[in-house]
Amino acid sequence: MSARAISHEARLPLLTHLDELRMRMIVSAATLVVAFGFAFWQNHALLNVLNRPLANATSGALEHSRGPLAESAQTQQAVRVALNRQRVAFELQAQASTGRSLVERRALNSAAQADAAAVAATPSEPQGRQPVTLGIGEPFSQTVTVSAYFALLLALPVILFQLWAFVIPAFSPRERQVAAPMFALAPVLFAAGLAFGYFVVLPGAVGFLQNFNASSFDALVQARSYYQFVLFTMLATGVLFQVPVAVIALTQTGIVSTRQLREHRRYAIVAIVALAMLLPGPDPVTTLLELIPMLILFELSLIVATVLERRSRR
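Residues numbered from 1 in each chain as written. Predicted model: local features only at pLDDT ≥ 70, side-chain atom pairs only at ≥ 80, totals over all residues. Heavy atoms only, no water.

For the rest of this paragraph, the subject is the overall build of the protein. What the protein contains, in helices and strands, is 11 helices and zero strands. The burial tally for the protein puts 35% of its 314 residues in the buried class. Long-range pairs, those at least 24 residues apart, make up 80% of the contacts in the protein with a sequence separation of at least 6. Counting only carbon and sulfur atoms, one obtains 67% of the accessible surface of the protein, whose full area is about 18600 Å². (Helix = DSSP H or I, 4+ residues; strand = E, 2+ residues; numbered from the N terminus. Buried < 20%, exposed > 50% of the residue type's maximum accessible area, 1.4 Å probe, protein only. Contact = heavy atoms within 4.5 Å. Areas by Shrake-Rupley, 256 points an atom, 1.4 Å probe, with all protein chains shown as cover.)

Quick look at the structure:
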């Protein structure tokens, strides 16, 4: 049986509903498998995307650190300077043809070219750190884990559509008018939350945590803990951006009114602050960056819910 839309008035036996649920689960699982194959194929690009906040946040930390990584970076820069100076000296000696044979000039040119290649291969600035792996199978397991998370993200629109198509027949026309905009708004806000978490929350949080007291520590970031922090932080911001959906859904279904929400705003603010403190992020920077958009979204949700409530009364 193919997964097809069912009207609200239709009366179907239980086995028919189970058959429809099975087909929609098969479609969702197949989409997830295809998405995982694509994500695993592009795992290098995905890992580079996740590693970028750490690399950007720690690119300047090596200048203040005193551990082996900092010493290695400083030695690398000193070698680059020495090679560059030696290359210039060889070129000047090769250009001074007086008293030198053709073989000597060619040897000096070859040495200058070799030094130039070595200088080009040496980074001009200290490179940011990359996550480290400790177990023999951790590179593979973390690659699979990251690919699975991105696969779920890619397949989420199809999964949500299948869920919507399965439950929508149970809604009355009035309930559909309320649920349809919410269902369309939720993925957009979730994507906005992911973008906010990646471009705003993560740079501030990773920069604060990795560069804090950098002169006393030579911090190594394990891949497993780092990817968990990054993925759960982005997931948390995506869920936080669902505040407008929750507020509008509560007001449109009549569970609470906008007047009640305004009168008890202080309790809502306390609840939002408590929620932000429970979310991933063991530092005040992450908590603050997650708290501010929640408060702004809550106030905007009240405005939108008030407008919708007045329209319903008219």
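This next bit is on a nonpolar patch on the surface. Where nonpolar side chains cluster on the molecular surface, the patch consists of Leu288, Ile292, Ile296, Leu300, Ile303 and Val307 and spans about 540 Å² of accessible area. Looking at the secondary structure, you find Ile303 in helix H11 (residues 284–313). (Patch = residues over 30% accessible without salt bridge, like charges linked within 9 Å, V, L, I, M, F, W, Y side chains within 5 Å. Salt bridge = Lys/Arg side-chain N within 4 Å of Asp/Glu carboxyl O.)

With that out of the way, let us pick up the nonpolar core. Core analysis: the largest hydrophobic core is formed by 22 residues, its most contacted members being Leu50, Val146, Leu202, Val206, Tyr226, Tyr227 and Val230. Sorting the residues of this core by element identifies helix H2 (43–58), helix H5 (138–167), helix H6 (173–211) and helix H7 (223–240) as the ones contributing at least two each. Looking at this core element by element, the count peaks at seven residues for H7. The residues contacting Tyr226, other than those within four sequence positions of it, are Leu50, Asn51, Pro53, Leu54, Pro131, Val206 and Val221. (Core = buried A, V, L, I, M, F, W, Y, C linked by side-chain atoms within 4.5 Å.)

Moving on to the packing of H2 against H5. Where H2 meets H5, the closest approach of the two axes is 10 Å, and the angle between their N-to-C directions is 90°. As the angle between them shows, H2 and H5 are arranged roughly perpendicular. In this structure, H2 uses Asn43, Leu46, Leu47 and Leu50 to contact H5, whose residues at the interface are Thr143, Val146, Ser147 and Phe150. (Axes fitted to C-alpha atoms, helices over the stretch in contact; angles between N-to-C directions. Parallel < 35°, antiparallel > 145°, perpendicular 65-115°, else oblique.)

Turning our eyes to something else, we now look at the confidence of the model for the protein. Model confidence for the protein is summarised by a mean pLDDT of 76, while 69% of its residues fall at 70 or above. When the elements of the protein are averaged for pLDDT, helix H3 (residues 68–95) gives the smallest value, 55, and H5 the largest, 90. (pLDDT = per-residue confidence, 0-100.)

Moving on: the packing of H2 against H7. The contact between H2 and H7 brings their axes to 11 Å, and the two run at 95°. Relative to H7, H2 is oriented roughly perpendicular. Across from Leu47, Leu50, Asn51, Pro53 and Leu54 in H2, the residues of H7 making contact are Tyr226, Tyr227, Val230 and Leu231.

By the definition in use, this model includes four salt bridges. Between Arg24 and Glu20 there is a salt bridge, with its nearest N and O atoms 3.1 Å apart. Of the two residues, Arg24 and Glu20 both sit in helix H1 (residues 14–41), four residues apart, roughly one turn of that helix. This pair shows no difference in class: Arg24 is buried, exactly as Glu20 is. A salt bridge links Glu263 to Arg259; the shortest N-O distance between them is 3.0 Å. In this pair, Glu263 and Arg259 both sit in helix H9 (residues 258–263), four residues apart, roughly one turn of the helix. Residue class for Glu263 comes out partly exposed when judged on its relative accessible area of 40%. On the basis of relative accessible area, Arg259 is assigned to the partly exposed category, the value being 46%.

Now for the side chain of Ser28. Looking at the element boundaries, Ser28 is found in helix H1. What Ser28 contacts, discounting residues up to four positions off in sequence, is Ile159 and Gln162.

Ring pairs (aromatic) are described by centroid distance and by the angle formed between their planes. The tally for this structure, following the rule as stated, stands at seven aromatic pairs. Taken together, a centroid distance of 5.8 Å and an interplanar angle of 65° make the contact between Phe38 and Trp41 edge-to-face. Taken together, the positions of Phe38 and Trp41, both in helix H1 and three residues apart, correspond to about one turn of that helix. A residue is classified by how much of its surface remains accessible, and Trp41, at 62% relative accessible area, is exposed. (Phe/Tyr/Trp six-rings, centres within 6.5 Å; stacked < 30°, edge-to-face > 60°.)

All right, on to helix H10 (residues 265–278) then. Here H10 spans 20 Å end to end across 14 residues, near enough to the 20 Å set by a 1.5 Å rise per residue. Buried within H10 are the following residues: Ala268, Ile272 and Ala276. For H10, the angular spread of the buried residues around the axis is 75°, confining them to a single face. In this structure, H10 carries Arg266, Tyr267, Val270, Met277 and Leu278 as exposed residues pointing more than 90 degrees from its buried face. (Expected span 1.5 Å × (residues − 1). Arc of directions from axis to C-beta.)

Our next topic: the side chain of Ser147. Structurally, Ser147 can be placed in helix H5. Judged by its relative accessible area of 0%, Ser147 is buried. Residues within four places of Ser147 in sequence aside, it is in contact with Phe36, Ala39, Phe40 and Asn43.

Mapping Val200 onto the fold places it in helix H6. Sequence separation between Val200 and Glu290 is 90 residues; the distance between their C-alpha atoms is 9.5 Å. Discounting chain neighbours no more than four positions away, the residues touching Val200 are Ala195 and Leu289.

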